[in-house]
Amino acid sequence: MTKNVLIARSAGFCFGVKRAISIADETAGKLEAGDGKKGPIQSLGPIIHNPQAVERLQEKGVRVVETVDEIACGKVIIRSHGVTRSDRSALEEKGVTIVDATCPFVTKAQEHARTLSRDGYAVVVVGDPNHPEVKSIISYIEKGVPVFTSIAEVAAAKGARKAGIVAQTTQSFENLMAFVAAAMKRFPEVRVFNTICNATALRQQESTGLAGLADVMFVLGGYNSANTRRLAEICRAINPRTHHIETEGELTPSMVEGASVAGVTAGASTPQWIIAGFLERLKELWKCDEIEVSFYR
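Everything in this summary refers to the structure shown in the same document. (Residues numbered from 1 in each chain as written. Predicted model: local features only at pLDDT ≥ 70, side-chain atom pairs only at ≥ 80, totals over all residues. Heavy atoms only, no water.)

## Comments concerning the overall build of the chain
Reasoning step 1: Looking only at helices and strands, the chain features 11 helices and 13 strands.
Reasoning step 2: Computed over C-alpha atoms, the radius of gyration of the chain comes to 21 Å, within 12% of the 19 Å expected from 2.2 N^0.38 for 297 residues, which places it in the range of a compact globule.
Reasoning step 3: The principal-axis extent of the C-alpha atoms belonging to the chain is close to 65 × 55 × 25 Å.
Reasoning step 4: Buried residues in the chain amount to 52% of all 297 residues.
Reasoning step 5: Taking the intrachain contacts of the chain between residues at least 6 apart in sequence as the baseline, contacts between residues at least 24 apart amount to 75%.
Reasoning step 6: In the structure as shown, the chain presents an accessible area of about 13700 Å², 50% of it carried by carbon and sulfur atoms.
Reasoning step 7: Of note, the chain has its 35 positive side-chain charges centred 6 Å away from the centre of its 33 negative side-chain charges. (Helix = DSSP H or I, 4+ residues; strand = E, 2+ residues; numbered from the N terminus. Rg over C-alpha atoms; globule rule 2.2 N^0.38 Å. Buried < 20%, exposed > 50% of the residue type's maximum accessible area, 1.4 Å probe, protein only. Contact = heavy atoms within 4.5 Å. Areas by Shrake-Rupley, 256 points an atom, 1.4 Å probe, with all protein chains shown as cover. Lys, Arg positive; Asp, Glu negative; His and termini not counted. Charge placed at Lys NZ, Arg CZ, Asp CG, Glu CD.)

## Looking at the sheet that holds strand 7 (residues 147-148)
Strand pairing in a sheet relies on backbone hydrogen bonds, with the paired strands running either antiparallel or parallel.
Reasoning step 1: Spatial ordering of the open sheet is given by 7-6-8-9, a layout of four strands whose pairing is parallel. Strands at the two margins of the open sheet, each flanked by one partner only, are strand 7 and strand 9 (189-192).
Reasoning step 2: Direction of pairing for strand 8 (residues 162-167) relative to strand 9: parallel, over a ladder of four bridges. Across the sheet, the residue bridging to I165 is V192, located in strand 9.
Reasoning step 3: Here helix 5 (residues 132-139) sits on the sheet in contact with strand 6 (122-126), strand 7 and strand 8, set at roughly 170° to strand 6. (Pairing = 2+ DSSP bridges. Axes fitted to C-alpha atoms, helices over the stretch in contact; angles between N-to-C directions.)

## Describing the side chain of S207
Reasoning step 1: Locating S207 in the fold gives a position in helix 8 (residues 198-213).
Reasoning step 2: Filtering out sequence-adjacent residues up to four positions away, S207 remains in contact with L231, C235 and T265.

## Side note on the nonpolar core
Considering soluble globular proteins, one finds that nonpolar side chains tend to be buried as a cluster.
Reasoning step 1: Judged by nonpolar contacts, the single largest core of 31 residues is most densely connected at F218, L220, L251, F278 and L282.
Reasoning step 2: Breaking this core down by element, the ones donating at least two residues are strand 1 (3-8), helix 8, strand 10 (216-220), helix 9 (226-238), helix 10 (253-256), strand 12 (261-266) and helix 11 (272-286).
Reasoning step 3: With six residues, helix 11 is the single largest residue contributor to this core.
Reasoning step 4: Setting aside anything within four residues of it in sequence, one finds L282 in contact with V5, L251, V256 and A262. (Core = buried A, V, L, I, M, F, W, Y, C linked by side-chain atoms within 4.5 Å.)

## Section: the packing of helix 4 (residues 104-118) against helix 5
Reasoning step 1: Where helix 4 contacts helix 5, the axes come no closer than 8 Å and their chain directions differ by 35°. As helix 4 runs across helix 5, the sense of the crossing is right-handed. Residues V106, A109, Q110 and A113 of helix 4 touch helix 5, and the partners they reach there are E133, S136 and I137.
Reasoning step 2: The residue inventory of the contact of helix 4 with helix 5, partitioned by class, reads four nonpolar, two polar and one charged. (Left-handed = near helix turned anticlockwise from the far one by under 90°. Nonpolar A, V, L, I, M, F, W, Y, C, P; charged D, E, K, R; others polar.)

## Some thoughts on the layout of surface pockets
Which parts of space are left empty comes out when a probe the size of a water molecule is rolled across the atoms.
Reasoning step 1: Reported here for the largest pocket is a volume of approximately 240 Å³.
Reasoning step 2: Q168, T170, Q171, A226 and R230 are, among the 15 residues lining the largest pocket, the residues nearest its centre.
Reasoning step 3: Listed by contribution, the elements that provide at least two residues to the lining of the largest pocket are helix 7 (173-186) and helix 9.
Reasoning step 4: Ranked by the residues each element gives to the lining of the largest pocket, the list is headed by helix 9, at five residues.
Reasoning step 5: A breakdown of the residues in the lining of the largest pocket according to their chemical character gives three nonpolar, eight polar and four charged. (1 Å grid on protein atoms, 1.4 Å probe; cavity = no way out; pocket = protein on both sides within 12 Å on 5 of 7 lines; lining within 4 Å. Points joined across faces, edges and corners; volume = space filled by probe spheres on them.)

In structure tokens form, the structure reads like this:
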């Protein structure tokens, strides 16, 4: 019996992550070529939210540090999520070489947040306030300007008459619109910048369709990746037999038992080699003569 694997066409690295990894690889390559005399290479926080990809970079000489205080010299790679204004200023004061791998879409969200605050708008940031990207966006809002990160805060806001809205680049459009609706009820003037990356919306749309076609659904990517966890939530709501795993080593026979169609998607920080490894492991478990792999969009 032929087994089928349907893979979301957009699964894997988005533009910003691909760019960040390329920058990190190039920087590490210069170290290997002997251009490392000016000190070590560090990234302030993991460059992307995928432990396996970060581990590969560490093997190439890119060391992850959590705070600016751990950095004394050398080169510092700014991760795809960006860093706060204060951290960047501290790095500049140290005189280290800054290699900026911030996703351009994150940079745009930072710029919009700063512009809104300078124009007198209270700023609503749609996203997880504990996520490094959101922290970086909030840091660009001028001091003294009201900042809201929940619908409850928007509904209870007092004093401000106009609000500007920006979003974490990996948020869902539905969540952004929920904030917009709440702000429209509270503020006479609302200005909205849709800073959600198109790649996020596309992945979510593909995953929604794919989960409905598959007997079993797999979402590949780091457990620390917010957009990957969101894909798993979306898929699980449609197909209860959804598994979020990081690598093929977590794939077990029971997960695919009785299934003939497997759906596969992956977060924006998931390398293609993880997807390839998963497919090889799936072929081993299914133990069939023929597996048909096709892309879904």
